[in-house]
Amino acid sequence: MEALEGILGVVAEVIEDLEASNEPVPAPIAERHYSGKFVVRIPPETHRRLAVEAAEQHVSLNRFVADRLAMA
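The structure presented is a predicted model; accordingly, all values stated were derived computationally and were not measured.

## Some words on the overall build of the protein
Phase 1: Helices and strands together make up the secondary structure of the protein, namely three helices and zero strands.
Phase 2: In the protein, the succession of helices and strands from N to C terminus is α-α-α.
Phase 3: Relative to the compact-globule value of 11 Å for 72 residues, the protein shows a C-alpha radius of gyration of 21 Å, a clear excess of over 25%.
Phase 4: Considered along the principal axes of its C-alpha atoms, the protein spans approximately 55 × 30 × 20 Å.
Phase 5: With the model as given, the accessible surface of the protein reaches about 6,700 Å², and the carbon-plus-sulfur share is 60%.
Phase 6: On the protein, the mean spot of the 7 positive side-chain charges and the mean spot of the 12 negative ones are 21 Å from each other.

Have a look at this one:
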């Protein structure tokens, strides 16, 4: 509990500093808007393996990877 109180204190100080210098306070990650798109670079061998697995399941690579990520 003491560690959590320490973290909350640091966050409060950072927010105070940002506001004092008229800098924007970032929105919490959970409240930000997300487009649902992001780019990830993977080795060509991994790309090939995922594409084959998606084809074997008769789904698009996008659907296959999105389903895999949802299970993570």
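## Focus on the confidence of the model for the protein
Phase 1: Residues at a pLDDT of 70 or more form 100% of the protein, whose mean pLDDT is 95.
Phase 2: Mean pLDDT per element in the protein: helix H1 (residues 2-20) is the minimum at 94, and helix H2 (residues 44-56) is the maximum at 98.

## Thoughts on unusual backbone geometry
In terms of backbone geometry, most residues other than glycine have negative phi values and most peptide bonds are trans.
Phase 1: Phi is positive for Asn-22, which is not a glycine, with a value near 55°.
Phase 2: Its place among the elements puts Asn-22 in the loop between H1 and H2.
Phase 3: Classification of Asn-22 as exposed rests on a relative accessible area of 72%.

## A few points about the packing of H2 against helix H3 (residues 61-71)
Two numbers describe a pair of packed helices, the interaxial angle and the distance between the axes.
Phase 1: Relative orientation of the contacting elements H2 and H3 amounts to 100°, with a least axis distance of 9 Å. For the element pair H2 / H3, the angle class is roughly perpendicular. From H2, His-47, Leu-50, Ala-51, Glu-53 and Ala-54 reach across to H3, where they touch Leu-61, Phe-64, Val-65 and Arg-68.
Phase 2: Looking at the contact of H2 with H3, its residues break down into six nonpolar, one polar and two charged.

## Describing the environment of Val-40
Phase 1: As for its position among the elements, Val-40 is in the loop between H1 and H2.
Phase 2: Overall, the relative accessible area of 57% leaves Val-40 in the exposed class.
Phase 3: Separated by 14 residues in sequence, Val-40 and Pro-26 have C-alpha atoms that sit 24 Å apart.

Cut-offs applied
- Residues numbered from 1 in each chain as written.
- Predicted model: local features only at pLDDT ≥ 70, side-chain atom pairs only at ≥ 80, totals over all residues.
- Heavy atoms only, no water.
- Helix = DSSP H or I, 4+ residues; strand = E, 2+ residues; numbered from the N terminus.
- Rg over C-alpha atoms; globule rule 2.2 N^0.38 Å.
- Areas by Shrake-Rupley, 256 points an atom, 1.4 Å probe, with all protein chains shown as cover.
- Lys, Arg positive; Asp, Glu negative; His and termini not counted.
- Charge placed at Lys NZ, Arg CZ, Asp CG, Glu CD.
- pLDDT = per-residue confidence, 0-100.
- Buried < 20%, exposed > 50% of the residue type's maximum accessible area, 1.4 Å probe, protein only.
- Axes fitted to C-alpha atoms, helices over the stretch in contact; angles between N-to-C directions.
- Parallel < 35°, antiparallel > 145°, perpendicular 65-115°, else oblique.
- Contact = heavy atoms within 4.5 Å.
- Nonpolar A, V, L, I, M, F, W, Y, C, P; charged D, E, K, R; others polar.

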